[in-house]
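Tertiary structure, described
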Amino acid sequence: MTAELDRGALDFTPWRFWADADDGQRERQLALQAELGRGRGYVLGERCFVSEQASVTNEVLELGDRTYVAAGAYVSGTLRAGRDCSLNPYTVVRGDVRLGDAVRIGSHTSVLGFNHSMEPEPEVHRQPLTSAGITVGDDVWIGSHVVVLDGVTVGDKAVLAAGAVVTKDVPAGAVVGGNPARLIRWRVPPAPAARPGGGLAQAVRVLGATAREEARALLDRCWDPAACLFVDAPGRTPTVRAQCDAVEIADLLLGGPPPQLPAEEQVARLRSWQDPATGLVGELVGGLVGEHGEDLAPATPRPGLFDPAAGYHVLSVGYALDLLGSAFPHPVAVVADATPGEVIAGLERQDWRTGAWSAGHWVDILGTAMHWNRRAGVAGSPGAQEALLGWLLSRADPRTGMWGQPGGADGLLQVVNGYYRASRGTFAQLGLPVPAPERVIDTVLEHARDPRFFRPERHNACNVLDVAHPLWLTRGTGHRGDEVVELARGLLGHALRRWSAGEGFAFQAAHPSTAGAPATTPGLQGTEMWLAIVWLLADLAGLSDELGYRPRGVHRPEPVDR
């Protein structure tokens, strides 16, 4: 083998370099390191190696003793690495990255400590970059073909399995894998008190396991065999939403449709309830079935944007059908026919000053109907969706990041709750960045200090969901991150204690003034909402992997079609 081939081989196996290289190769390597660092202030330790076949264009580069960069690696930005680290062939390390001691990075892995903005305009390549940075602890093994995204911290002695896509922090000693990466097992099992969340992690695991074990019982409890329909709670009238909540709960906890009725019958029933003229689903007439067992049709929704009694069914029925592998048989015509001018007029008609929740509810329905129509191949009026998003972008209050005005007896309640609904059906559902995310976090944290709504005995599913989701949606900013985690942990701890054995969650905590009211009775709506809330809060606290479920319906965390 020639000296040139030997040198090339060592570029791809650099851990052998200082043992196998001859004097000429060693001199050439030291000269290369000196040339790389000339005028840039690079700091390279003893017996480092940087391949001539690597692209090294860092503004800041610090490599500890015996750290090497193999052939094909692409390194830029700020990299500070400790001793005995390896960047194997074709590794990409860019942005602001800090590696501890003995971090081994496999081939074809990307550690990306920066991100692009994703505003609609200008073109992406003209938008500024952001960087929260990536920090990796000591004695970490990052396998081949792994992607680590900006803002992630990886604890000491963790392992990122080959092919993992790491989007959030990895606890010390954890082995994670998959897309997105989740806990597989522990390389170094921590003491229970030292696990992420401590005793809270155990409580989350118990809730997830208990909910799965009792899912069949709580669905049976809410099944009316005479009507062959679900009710929200025993003694209630069947509703459209109760059927959809049952589908969501069964999908979440049982991994399939509710066992009380064959899936194809549930699909046929939900599809039959859509009014072909408007595309909406009204409420059940009396909530009963005919004398021969046939379904009574829901009330016909009135034309226009929208019938209040039918509005939420755009979400609940649409997502229930989606979970069952189906879809509405007709487009939501009242939205498909709406022009940009009608969309703007509808937005302007909403009472954003004193009724921001109702206004946000209207936006959520509109945005979700547009989604179902697009999925069915019905584009709608040109510019209608752009009109909706443009109006929201231009009307967000720069002080709060939200829509509407705080004040009066409700303080920030209407504004925050309306923000959840409006952003859920638009920016969150489409995977678009929200305007002024840091102001959103400030506003939510201020609202969550209001004891009128956030004393534990006053919690209800709407108020807590409408805090949890905006904080989850804006978590990538890192703004006031410690406060967000502290709030999430507190709300999560209270939520976990409210599970009722075999019955699920009630919509509202049993305050002395409300005990015995319908909202404090466990039912399908409360269970569906609180299970989603628990996931969001657990994810903010770094504990969602302990639950063993992830919402896929109305309250799914990912954008649609992902």
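See the structure printed just above.
Here's what I pulled together on the structure shown here. (Residues numbered from 1 in each chain as written. Predicted model: local features only at pLDDT ≥ 70, side-chain atom pairs only at ≥ 80, totals over all residues. Heavy atoms only, no water.)

Take the overall build of the chain next. Counting its regular elements, the chain contains 17 helices and 21 strands. With respect to the principal axes defined by its C-alpha atoms, the chain has extents near 95 × 50 × 50 Å. Every one of the 562 residues in the chain was classed for burial, and the buried ones make up 54%. Residue pairs at least 24 apart in sequence account for 51% of intrachain contacts in the chain once pairs closer than 6 positions are excluded. (Helix = DSSP H or I, 4+ residues; strand = E, 2+ residues; numbered from the N terminus. Buried < 20%, exposed > 50% of the residue type's maximum accessible area, 1.4 Å probe, protein only. Contact = heavy atoms within 4.5 Å.)

Turning next to the side chain of S51. Along the chain, the position of S51 falls in the loop between β2 (49–50) and β3 (55–63). Classification of S51 by relative accessible area gives buried; the value is 2%. At 2.7 Å, the side chain of S51 forms a polar contact with the side chain of D11. Excluding residues that lie within four positions of it along the chain, S51 makes contacts with D11, L32, V69, A70 and A71. (Polar contact = N/O pair within 3.5 Å; in protein donor to acceptor, adjacent residues only side chain to side chain.)

Let us look at the pairing of strand β9 (residues 110–113). Direction of pairing for strand β7 (residues 92–99) relative to β9: parallel, over a ladder of four bridges. In the sheet register, V92 faces β9, and the bridge partner there is S110. Across two bridges, β9 lies against strand β14 (residues 147–148) in parallel orientation. In the sheet register, S110 faces β14, and the bridge partner there is V147. (Pairing = 2+ DSSP bridges.)

Next up on the list: unusual backbone geometry. With an omega dihedral of -5°, the bond running from N179 to P180 counts as a cis peptide bond. The phi torsion at H108 lies on the positive side, around 60°, for a residue other than glycine. Following the sequence through the fold, H108 ends up in the loop between β8 (104–105) and β9. According to the relative accessible area criterion, H108 is partly exposed, its value standing at 42%. If you check the backbone angles, R480 has positive phi at about 55° while not being a glycine. By secondary structure assignment, the location of R480 is in the loop between α15 (461–473) and α16 (481–496). The partly exposed category is assigned to R480, whose relative accessible area is 26%.

In this section: the pattern of salt bridges. Taken as a whole, this structure holds 27 salt bridges when the rule is applied. Measuring nitrogen to oxygen at the nearest pair gives 2.9 Å for the salt bridge that ties D20 to R16. Overall, D20 belongs to the partly exposed group, its relative accessible area being 44%. For R424, the salt bridge is made with D364, and the minimal N-O distance between the two is 2.9 Å. One end of the pair, R424, is in helix α12 (residues 413–430); the other, D364, is in helix α10 (residues 356–375), with 60 residues separating them in the sequence. Of the residues examined, D364 reaches a relative accessible area of 0% and is grouped as buried. Residues joined in a network through salt bridges with shared partners are R66, R83, D84 and D101. (Salt bridge = Lys/Arg side-chain N within 4 Å of Asp/Glu carboxyl O.)

Here we take up the nonpolar core. Counting 114 residues, the largest nonpolar core has L207, L492, L524, L531, V534 and Y549 as the members making the most contacts within it. Every residue in contact with L531, bar those within four places of it in the chain, is listed here: L207, A211, L252, L253, W499, F505 and Y549. Judged by nonpolar contacts, the second largest core, of 38 residues, contains L87, V93, V152 and V154. (Core = buried A, V, L, I, M, F, W, Y, C linked by side-chain atoms within 4.5 Å.)

So, on to the packing of helix α9 (residues 340–349) against α10. The interhelical angle for the contact between α9 and α10, taken along N-to-C directions, is 155°, at an axis separation of 10 Å. The orientation of α9 relative to α10 falls into the category roughly antiparallel. The residues of α10 that touch α9, namely those facing V343, G346 and L347, are W362, V363, L366 and M370. The residue makeup of the contact of α9 with α10, split by class, is six nonpolar, one polar and no charged. (Axes fitted to C-alpha atoms, helices over the stretch in contact; angles between N-to-C directions. Parallel < 35°, antiparallel > 145°, perpendicular 65-115°, else oblique. Nonpolar A, V, L, I, M, F, W, Y, C, P; charged D, E, K, R; others polar.)

The periodicity of an α-helix, 3.6 residues per turn, causes residues three or four positions apart to be oriented the same way. The end-to-end C-alpha distance of helix α5 (residues 240–254), which contains 15 residues, comes to 21 Å, matching closely the 21 Å that a straight helix rising 1.5 Å per residue would cover. Most of α5 sits out of view: 14 of its 15 residues are buried. Once α5 ends, the next one or two residues include G255, with phi positive near 75°. (Expected span 1.5 Å × (residues − 1).)

Time to look at the sheet that holds strand β13 (residues 141–142). Strand order in the open sheet formed by eight strands is β2-β4-β6-β8-β13-β16-β18-β19, and the pairing between neighbours is mixed. The open sheet has two free edges, formed respectively by β2 and β19 (182–186), since each of these has just one partner strand. Direction of pairing for strand β4 (residues 68–69) relative to strand β6 (residues 86–87): parallel, over a ladder of two bridges. In the sheet register, Y68 faces β6, and the bridge partner there is S86.

Attention now goes to the pairing of β7. Strand direction decides the pairing type here: strand β5 (residues 74–81) and β7, joined by six bridges, are parallel. Bridging from a neighbouring strand, R80 pairs with R98 of β7. Direction of pairing for β7 relative to strand β12 (residues 134–136): parallel, over a ladder of three bridges. Counted as the bridge partner of L99 is V136 from β12.

Before going further, it helps to spend a moment on α10. Here α10 contains 20 residues, and its C-alpha end-to-end distance of 29 Å stays within 8% of the 28 Å for a straight helix at 1.5 Å per residue. Among the 20 residues in α10, 16 count as buried, and that is most of the element. With its phi angle positive at about 85°, G377 sits one or two positions after the end of α10.

The next subject is the packing of α5 against helix α17 (residues 524–540). Contact geometry for α5 and α17: axes closest at 9 Å, N-to-C directions at 40°. Between α5 and α17, the angle falls in the class oblique. With respect to the hand of their crossing, α5 and α17 are arranged in left-handed fashion. In this structure, α5 contributes R241, A242, D245, A246, E248, I249, L252 and L253 to the contact, and α17 contributes L524, Q525, T527, E528, M529 and L531. Considering only residue class, the contact of α5 with α17 consists of eight nonpolar, two polar and four charged. (Left-handed = near helix turned anticlockwise from the far one by under 90°.)

Geometry only, nothing functional implied.
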